[in-house]
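A closer look at the structure
This is what each chain is made of:
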Amino acid sequence: QFQLVESGGGLVQPGGSLRLSCAASSNAFSMYDISWYRQAPGKGRELVALITSTGDTTNYSDSMKGRFTISRDNAKKTVFLQMNNLKPEDTAVYSCKALRRTQIGKFEYWGQGTQVTVSS
């Protein structure tokens, strides 16, 4: 069973920082690309950042570039999202997704999410 558990969310003031973690249960973790998504109340799910299985490539949505950094530690089966200079519009539930495409199909797993609230 491939499970993902997010942690690190909470309440932070504008301009503050948080570091989210996405921990996996499976030893196959290092074969999966990992993405962070977020969903604000009343809005659709939005891609935040992605990191490939080896960690060689990262991508960010434009509004997060320069403020968020995604990284991974395959030995610890964990992906991190460092969020700096947080803004009220960053308030959302942040979830991580593991994705692997193989010749026999696509394998995709989601965590339950962690709430991030940016407010003074």
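Computed from a predicted model, the values in this text were never measured in an experiment.

**Structural notes on the overall build of the chain**
A count of helical and extended segments in the chain gives zero helices and eleven strands. Its C-alpha radius of gyration of 14 Å places the chain within 12% of the 14 Å reference for a compact globule of 120 residues. Taken over the C-alpha atoms alone, the chain extends approximately 45 × 30 × 25 Å along its principal axes. When burial is assessed residue by residue, the chain has 42% of its 120 residues classed as buried. Put simply, 53% of the contacts in the chain that link residues at least 6 apart link residues at least 24 apart. For the chain, the accessible area works out to roughly 6500 Å², and carbon and sulfur atoms hold 45% of it.

**Overview of the nonpolar core**
Counting 29 residues, the largest nonpolar core has Trp36, Leu81, Met83 and Tyr94 as the members making the most contacts within it. Those residues within four positions of Met83 in sequence are excluded, and the remaining contacts are Gly16, Ser17, Leu18, Leu20, Arg67, Phe68, Tyr94 and Val116.

**Some points on the pairing of strand β4 (residues 33-39)**
With five of its seven residues buried, β4 lies for the most part within the structure. Bridge count for β4 against strand β9 (residues 92-102) is seven bridges, and the pairing is antiparallel. Opposite Gln39, over in β9, you have Val93 as the bridge partner. Relative to strand β5 (residues 45-51), β4 runs antiparallel, the two sharing six bridges. Paired with Tyr37 across the two strands is Leu47, which belongs to β5. Taken together, β4 and the strand that follows it, β5, pair antiparallel across an intervening segment of five residues, in which Gly42 is found at a positive phi of about 75 degrees.

**Thoughts on the pattern of salt bridges**
Within the structure shown, the criterion is met by five salt bridges. The partner of Lys65 in a salt bridge is Asp62, with the nearest N and O atoms 3.3 Å apart. By sharing partners, the salt bridges in this structure join Arg38, Glu46, Arg67 and Asp90 into a single network.

**A short note on unusual backbone geometry**
Glycine aside, a negative phi is what most residues show, and trans is what most peptide bonds show. A positive phi is found at Lys77, a non-glycine position, where the angle reads about 55 degrees. With a relative accessible area of 22%, Lys77 lands in the partly exposed category. One non-glycine residue, Asn85, lies in positive phi territory at about 50 degrees. Along the chain, Asn85 turns up in the loop between β8 (78-83) and β9.

**Some details on the sheet that holds β8**
Here four strands make up an open sheet; going across it, the order is β1-β3-β8-β7 and the pairing antiparallel. Only two strands of the sheet have a single neighbouring strand rather than two, namely β1 (4-7) and β7 (68-73). Here the average twist between neighbouring strands, direction ignored, is 15 degrees. Relative to β8, strand β3 (residues 18-24) runs antiparallel, the two sharing six bridges. Along β8, the bridge assignment pairs Leu18 with Met83.

Reading the values: rules and limits
- Residues numbered from 1 in each chain as written.
- Predicted model: local features only at pLDDT ≥ 70, side-chain atom pairs only at ≥ 80, totals over all residues.
- Heavy atoms only, no water.
- Helix = DSSP H or I, 4+ residues; strand = E, 2+ residues; numbered from the N terminus.
- Rg over C-alpha atoms; globule rule 2.2 N^0.38 Å.
- Buried < 20%, exposed > 50% of the residue type's maximum accessible area, 1.4 Å probe, protein only.
- Contact = heavy atoms within 4.5 Å.
- Areas by Shrake-Rupley, 256 points an atom, 1.4 Å probe, with all protein chains shown as cover.
- Core = buried A, V, L, I, M, F, W, Y, C linked by side-chain atoms within 4.5 Å.
- Pairing = 2+ DSSP bridges.
- Salt bridge = Lys/Arg side-chain N within 4 Å of Asp/Glu carboxyl O.
- Axes fitted to C-alpha atoms, helices over the stretch in contact; angles between N-to-C directions.

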